[in-house]
Amino acid sequence: MNRRHFLTCLSLSPFVVHSGLSQAVTVKPVVLPLWPKQPPGGGGPLGAMHFTAKGAQSNIAMPTLTVLHPVNPNGQAVLIAAGGGYTRIEMGKEAWPAAQWLASHGYTAYVLSYRLPQEGWKDGALAPLQDAQRALRMVRHREKHVSMLGFSAGGHLLGMAANRPDFRSYQAADALDNLPASAERAALIYPIITLEPPYSHTSTHKVLVGSNATLEADTTWSVQAYVNPQSPPFFLVQSEDDPISDPHNTLIMAEACKQQHIPVEMHRYATGGHGFGLGKPGTPTVEWPGHYLHWLSS
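From a predicted model like this one, the values you see are computed outputs, not experimental measurements.

### What to know about the nonpolar core
Argument step 1. The biggest cluster of nonpolar side chains holds 81 residues, and the ones touching the most others in it are Leu 65, Ile 80, Leu 149, Trp 288 and Tyr 292.
Argument step 2. No other element matches the 7 residues that helix α3 (residues 91-104) contributes to this core.
Argument step 3. Those residues in contact with Leu 65 that lie beyond four places of it in its chain are Val 30, Val 31, Leu 32, Leu 34, Leu 79, Tyr 110, Val 111, Leu 112, Ala 135, Met 138 and Val 139.

Given below as structure tokens:
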């Protein structure tokens, strides 16, 4: 598929056509291809991107950033990655609502459509991390202040990127890749943090390292293993009845931050389950966006 056809397909996505963009967004979202040519390593799926009825993406042949510009920008940008176990990207439930909500509060939102490892990419598990690092460099080039917001597997992805800014996951494609792949802070919402036993039951584990992975492989793809004194401050959210991401995930991340003296703010709720996005009505998870806004502006 050529780039013009790809962008035409994306401009007709359920988000753009049916979401009813808030008046806080000045213009139609701008779609930016991540890579000047083909993504690193080669391979990948053929044909147009797939969308479910709820707005989840898959068959991602061309990773992108979609930019939502607020009416009254406050000078800060947020890179957003939705979850989906690295088998799909839950744009409709997580990324698009968060982007519109952030734009309504003056933040320029960058929504990442990243490659999925099982869709034939030769670099496999590295492919989404390559996209996240490239996206960070692109946003850093365009914006002065950059933070990250990741949900579930998207939280795992941005957690890895936040803690490994100096890791070269791909060969430079152009001058943009000389910029740092770093952010000032990172918010991880019901994230997958560790792939180590006994927390190796997730789709994230299955896709990235496989069912019979060694402990070394599990550790290599665990976010907490890379927290270091230069890591950014973290904001963590999870419910204690989460059936997908074991509730210990945020505790493990908070402890890793504490050991490295990295500021961390954590909000845990008795109910809410998994995949609650900006909050599940009738549960205390609806409180987290308010705390997050305060943290962002502090």
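That shown, we press on.
### Some details on the sheet that holds strand β11 (residues 264-269)
Argument step 1. Here 8 strands make up an open sheet; going across it, the order is β1-β4-β7-β5-β8-β9-β10-β11 and the pairing mixed. Two strands in the sheet have a free side with no partner beyond their single neighbour: β1 (30-33) and β11. The sheet shows a mean angle of 20° between the axes of neighbouring strands, direction not considered.

### Let's talk about the confidence of the model for the protein chain
Argument step 1. Per-residue pLDDT for the protein chain averages 92, and the proportion of residues at 70 or more is 91%.
Argument step 2. Segment residues 1-21: pLDDT under 50, and 40 contacts once partners within four positions in sequence are set aside and those in other chains are kept.

### Some words on the layout of surface pockets
Argument step 1. A volume near 190 Å³ is recorded for the largest pocket.
Argument step 2. Forming the boundary of the largest pocket are 15 residues, of which Gly 84, Gly 85, Arg 88, Ser 152 and His 274 lie nearest the centre.
Argument step 3. Listing elements by their share of the lining of the largest pocket, those giving two or more residues are α3 and α6 (203-208).
Argument step 4. Split into classes, the residues belonging to the lining of the largest pocket amount to 2 nonpolar, 9 polar and 4 charged.

### Describing empty space enclosed by the protein
Argument step 1. Summed over the entire model, instances satisfying the criterion amount to 2 cavities of 30 Å³ or more.
Argument step 2. Taken as a whole, the largest cavity holds about 40 Å³ of empty space.
Argument step 3. Residue lining of the largest cavity: Tyr 86, Ala 125, Pro 128, Leu 129, His 156, Leu 157, Met 160, Leu 208 and Trp 221, and that is the complete set.
Argument step 4. Sorting the residues of the lining of the largest cavity by element identifies α4 (126-142) and α5 (153-163) as the ones contributing at least two each.
Argument step 5. With 3 residues, α5 is the largest single contributor of residues to the lining of the largest cavity.
Argument step 6. Looking at the lining of the largest cavity residue by residue, the classes come out as 8 nonpolar, 1 polar and no charged.

### Concerning the pattern of salt bridges
Argument step 1. In the structure shown here, the tally under the stated rule is 5 salt bridges.
Argument step 2. Arg 88 serves as the salt-bridge partner of Glu 90, at 2.6 Å between the closest nitrogen and oxygen.
Argument step 3. Taking the relative accessible area as the measure of exposure, Glu 90 reaches 9% and is therefore buried.
Argument step 4. A salt bridge links Asp 174 to Arg 134, with the nearest nitrogen and oxygen atoms 2.9 Å apart. Residue Asp 174 is located in the loop between α5 and β9 (185-189), and its partner Arg 134 is located in helix α4; the two are separated by 40 residues in the primary sequence.
Argument step 5. What makes Arg 134 buried here is its relative accessible area of 3%.
Argument step 6. Taken together, the shared-partner salt bridges in this structure form one network comprising Arg 134, Asp 174 and Asp 177.

Thresholds applied
- Residues numbered from 1 in each chain as written.
- Predicted model: local features only at pLDDT ≥ 70, side-chain atom pairs only at ≥ 80, totals over all residues.
- Heavy atoms only, no water.
- Core = buried A, V, L, I, M, F, W, Y, C linked by side-chain atoms within 4.5 Å.
- Buried < 20%, exposed > 50% of the residue type's maximum accessible area, 1.4 Å probe, protein only.
- Helix = DSSP H or I, 4+ residues; strand = E, 2+ residues; numbered from the N terminus.
- Contact = heavy atoms within 4.5 Å.
- Pairing = 2+ DSSP bridges.
- Axes fitted to C-alpha atoms, helices over the stretch in contact; angles between N-to-C directions.
- pLDDT = per-residue confidence, 0-100.
- 1 Å grid on protein atoms, 1.4 Å probe; cavity = no way out; pocket = protein on both sides within 12 Å on 5 of 7 lines; lining within 4 Å.
- Points joined across faces, edges and corners; volume = space filled by probe spheres on them.
- Nonpolar A, V, L, I, M, F, W, Y, C, P; charged D, E, K, R; others polar.
- Salt bridge = Lys/Arg side-chain N within 4 Å of Asp/Glu carboxyl O.

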